[in-house]
Amino acid sequence: MFLKKAMVGDNIVSINGIKGKVEKVGENSVVIEILENFSGKYFENNRTIVSHKNYVVL
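Described in the following lines is the structure provided in the data block.

Here we look at the side chain of S14
Here is step 1: Within the fold, S14 resides in strand β1 (residues 11–14).
Here is step 2: Look at S14 and you get buried, because its relative accessible area is 8%.
Here is step 3: Those residues in contact with S14, other than ones at most four positions away along the chain, are V50, N54 and Y55.

Observations regarding the sheet that holds strand β4 (residues 47–51)
Here is step 1: Taken in spatial order, the 5 strands line up as β4-β3-β2-β1-β5 in an open sheet, and their pairing is antiparallel. Looking at strand neighbours, the two that pair on one side only are β4 and β5 (55–57), the edges of this open sheet. Averaged over all neighbouring strand pairs, the angle between strand axes comes to 45°, with direction disregarded.
Here is step 2: When β1 meets strand β2 (residues 18–25), the two strands line up antiparallel, connected through 3 bridges.

With respect to the pattern of salt bridges
Here is step 1: Taken as a whole, this structure holds 2 salt bridges when the rule is applied.
Here is step 2: Residue K19 pairs with E36 through a salt bridge whose shortest N-O separation is 3.6 Å. Of the two residues, K19 sits in strand β2 while E36 sits in strand β3 (residues 29–37), which places them 17 residues apart along the sequence.

Overview of unusual backbone geometry
Here is step 1: Its identity is not glycine, yet N46 carries a phi of approximately 60°, on the positive side.
Here is step 2: Looking at the element boundaries, N46 is found in the loop between β3 and β4.
Here is step 3: Overall, the relative accessible area of 35% leaves N46 in the partly exposed class.

Observations regarding the pairing of β2
Here is step 1: The turn joining β1 and β2, which pair antiparallel and follow one another in sequence, is formed by 3 residues; a positive phi near 90° is taken by G17.
Here is step 2: One ladder, built from 7 bridges, connects β2 with β3; its direction is antiparallel. Bridged to K19 within β3 is E36.
Here is step 3: Where β2 hands over to β3, the hairpin turn is made up of 3 residues, counted between the paired strands.

Description of the pairing of β3
Here is step 1: Sheet analysis places β3 next to β4, joined by 5 bridges and oriented antiparallel. Across the sheet, residue S29 finds its bridge partner in β4, namely S51.

Definitions and cut-offs
Residues numbered from 1 in each chain as written. Predicted model: local features only at pLDDT ≥ 70, side-chain atom pairs only at ≥ 80, totals over all residues. Heavy atoms only, no water. Helix = DSSP H or I, 4+ residues; strand = E, 2+ residues; numbered from the N terminus. Buried < 20%, exposed > 50% of the residue type's maximum accessible area, 1.4 Å probe, protein only. Contact = heavy atoms within 4.5 Å. Pairing = 2+ DSSP bridges. Axes fitted to C-alpha atoms, helices over the stretch in contact; angles between N-to-C directions. Salt bridge = Lys/Arg side-chain N within 4 Å of Asp/Glu carboxyl O.

Here you go:
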């Protein structure tokens, strides 16, 4: 199954329950600004990296 690869500005939701806006797209992952965090994890600067395999574009 092929899922759409995110582009800068897209909103995504990760399999861990983190919703965010894509700031940078890399070969294997994206950097997102966290908008909603249901993972229970703390992110110091409100950004994280998510593998292309672990999110869905909204």
